[in-house]
Structure formats: structure tokens, C-alpha cells
Amino acid sequence: MRISDFRTFLVFSASWAAAAIFAGCSNGSAPSSFAPAGAAPETVTRTAPDSSGQRSVTHYNVVNLGTFGGTYSNANAINNRGWVTGWAELSGNKVLHAALWQVGHKTDLGTLGGPNSAVNAFDHNNRGVISGLSDASQTDPYDENWCEDGNSRICLGFRWRNGVMTPLPTLGGNNGVADDVNNRDQIIGVAETSTQDQRCQAPQVFDYYATIWQPNGKVQALPPYSGDIVSAALSTNQNGQVVGVSGLCVFPLNPIHAVLWQNGSAIDLGNLGGSEGNVGNDINNRGQVVGASDLPGDLTQHAYLWQNGVMTDLGTLPGDASSFAFGINDKGQIVGQSCDASYNCRGFIWQNGSMTDLNLLVPPNSKMSLIYGGDINNSGQIASAVYDVKTGSVVAALLIPGKKADVTNTGSYAPKITLPENMRMQLKNHWLFGRPFANLYGR
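Described in the following lines is the structure provided in the data block. Nothing here was measured: the structure is a model prediction, and the numbers come from that model.

Describing the state of the cysteines
Summed over all chains, the structure comprises 3 disulfides. The disulfide partner of C147 is C155, and the S-S distance across this bridge is 2.0 Å. On the sign convention where negative means left-handed, the S-S torsion of about 75 degrees between C147 and C155 marks this disulfide as right-handed. Here the two residues C147 and C155 agree in accessibility, since each one is buried. Between the sulfur atoms of C200 and its disulfide partner C249 the distance amounts to 2.0 Å. Between C200 and C249, the disulfide has an S-S torsion of 80 degrees and is therefore right-handed. Of this pair, C200 sits in the loop between β12 (187-196) and β13 (206-213) while C249 sits in the loop between β16 (242-248) and β17 (254-262), placing them 49 residues apart in sequence. Each member of the pair C200 and C249 is classed as buried. Assigning the bonded cysteines of the chain consecutive numbers by sequence position, one obtains the connectivity 1-2, 3-4, 5-6.

Next up, the structure:
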């Protein structure tokens, strides 16, 4: 992920549009010695029905969450207490720090000794524990650039509580990333081992696996799916189920399989017809999984909902080519991002069988474009980001549900805003595993 980038976050979600977005080791490689035979239930792929006509949907008030003095920020997660987490630039726009926003108050979570940190994925903990990643003070002797900010620091996952950020151990290697924490205080993410693997693509040197950090200090590796080399965990629910990706050894990971781990075993969630670009982004407490999967030919991706062994293609907003689902709550509401072929992207909410542009559900003429729906809690609050047409900046935003109103699927679309070329390229190329994280330094 690019800490200096922005999982830009914009397309924050899943595989960065098909094969082009996940660069990495391509095609077959030798099976990992770690990976046991994967448990693979029969998976069926379906297409979501096309809904049209007038519907009554919730409209939202938009709260600009601000920065730490810089120009850019992003909201990636929201828990059921309404805590929003992500990252924000400091004054001067040279570094960014992990951020917590609470009822009009923002907290800089600090770093592990290096310049940058971020909450790049989820926060399913309601007890005050936050996880993320940070530059450490030490130099990485292999310069693998896991935090992708180009400063050659070791990158580590962290646990934050009551103002204290604590580093998480790896699986014997140098680097790690934390992506989520549940109410059991189980933190999940990915960590390096000490095993050098010739199948890895430079600059990656070591194998790495999806990881659970237990509250008792135990560190547990979750295997890749059978035949894959490495794995990464992106989300966990309160039942301890974990979803993520499994694939080839490059960093960020080249995702071949969207994976659900239950009782330590990797289950392949299937695909929408492509051979790679398959990501499990989030899982709710009902066991429903959302993410993105390549279509046949591996030239584009669509958001999906997986439940009971069935993967359903959620489609795109009208006129778009690709979509990515990032978050799902226990009511089955899904948020994500839909992009046209040029990567002009819009946030969406999917519910009751229909995908709706979030820009239709906020006050009109605000000169703000909602480019991303990152996460949604059980109250329907959405962590998002808005592009300010006037200033050209992107800032974290919270969408608060208001009154219901009618919206028409056909013939009543929010005007699409053409994003600056550098932002569209960030959306296309900069993701960590399944979520967006744009390169601010390269804007």
C-alpha cells in the first residue's frame, strides 16, 4: 500500500481494476509448502437483477472530517460507535498519519518511529482498539518498501489503544501490516516470514502470510489456498471468520483467489470468470462477503456479494466499466466504488438488489463529488471521501443518514465529474491488496 499514496484510496478497494492493477508474478508457480489442500465448497456465480424505476432510499448529510493541516485525508473505516478511521496529511503535505475522527474531534494516532502511518482497512472493534500500519525507525536491509512511501523503513502493523501505539510482531521477517480488529481484540493482517523464496518477484524477497495476532500474544499464520505462495487477511468479523486474498509472491500481493478462512482452513470463494484479481474485502457477522473479481479475460473487475456458496455480480453504475465493493454491514448494505474506463470513480451503496450512486443521495450543487464508499456500520453511517471541485483536494468524509426520499434508477443520474488525470491514474494503479491507497507524493 502506499502510505504516501492515497487502499488514494480512491478506488480503494479491490484489485485495482483487473490485471493491470495488480502487477506481479503472473501465472503458474510451484505450490507453497505451507499450503494444505484447500477446502473448496461448490461455488455458483450469479448476476444481480437489473432494477429500475422509482425507489425510496435514505439520503445523507455530508460531514467534512478535515486533515491534520495538510491538503488530503481519507476515511477507510467506521465502527458501530461511529468512530471513523483512516489517515490525514500533516502541514506541508510531506507525511501522513493514522487518524481517528470522533464527533467533531480528530486524533493523530502517531507512528512507530518513522514518518508515516495509516489505518488502511477496517475497524470492527467497538472497545477502543484500532489497528493499522506504520513506518518504523529501523531501515529495511532489503528495501522491500512495504509502506510504499519510498523511505526504506521497515513497515509494521500496530495496535493502538488509549493513546498508545504498539508494534505487532512478524512471522520472523521484517515487515507486517494490520488490517482489522474485532471485539475479541483479534487483529488480522499480513506478516513476513524469514523464508527467502526464489519464486518472489523483486523487490519482494520473503514469503508472507495472512496473520492473526491473538490478545494473548500468540501469532498465528493463515495458509494460502492450495497451490498459491502467499496470503493476506483484510477483514474479520466478531465470530473470528477472516477474509482476504491468496496468490503469487509480489508485494502488494497478486491475488489469484478470494479466500475465507474458517478454523484455519482456506476456502476459495470462486470468481466471476477471471483467472486472477479476486479479492475478499469484508465480511459481516452473517458470513456475507464482499469484494471484487475479474470478469472473463481479466481486463476488468466487478463488485460481488458472496453468501451460501454463491457469488453474485453486483454490476456497475450506468456507463461504468468496473466496480469494487469495500464494506458490508450486518443488514447487508454494501458500499464501494464504480469507475468508468478512464477511472472517473463514484461511490455507491448497494441494497435491496439495487446499486445507487451516492452522489444522488446528498444535497445537490455542493461542488463535492463522492468518489468512494469505504465502509458502512450497522447504523448506516458511511466512511467516505469527497473530491472538492473548487480546491482540487480529496478529504475524508462521514455520511450520516437522514430522511428517505425517492430516487429514479433511469433518467435521473448525478452529473459525473471528470477527475484530474493524476488522480485517475492513482485510482488505477495504487492499491494495497484490495483497498485503495493513492500516492500523494506522486500526485
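A word on unusual backbone geometry
Residues A202 and P203 are joined by a peptide bond in cis, for which omega reads 10 degrees. Considering the arrangement of structural elements, one finds P203 in the loop between β12 and β13. In the Ramachandran plot, N263 falls in the positive-phi region, its phi being about 55 degrees despite a non-glycine side chain. Here N263 is to be found in the loop between β17 and β18 (265-268). The class of N263 is exposed, set by a relative accessible area of 84%.

Let's talk about the environment of G380
Looking at the element boundaries, G380 is found in the loop between β27 (368-376) and β28 (382-388). Judged by its relative accessible area of 7%, G380 falls in the buried class. Along the sequence, G380 and I334 sit 46 residues apart, while their C-alpha atoms lie 9.9 Å from each other. Ignoring sequence-local partners within four residues, the contact set of G380 consists of Y60, Q333, L399 and P401.

Conventions we followed
All residue numbers refer to position in the chain's written sequence, counted from 1. Reporting of local features is limited, given that this is a predicted model, to residues whose pLDDT is at least 70; pairs of side-chain atoms are given and counted only at 80 or more, and all residues count toward the totals for whole chains, interfaces and linings. To obtain the side-chain values, all non-hydrogen atoms of the structure were included, while hydrogens and water were left out. The criterion for a disulfide is a pair of cysteine sulfur atoms lying within 2.5 Å. Remark: exposure states derive from per-residue accessible area (1.4 Å probe, protein chains only) relative to the maximum for the residue type, with buried under 20%, exposed over 50%, and partly exposed in between. Only DSSP runs of H or I reaching four residues or more are called helices, and only runs of E reaching two or more are called strands; each is numbered from the N terminus. Residue contacts follow a heavy-atom distance rule, with two residues in contact if any of their heavy atoms lie within 4.5 Å.

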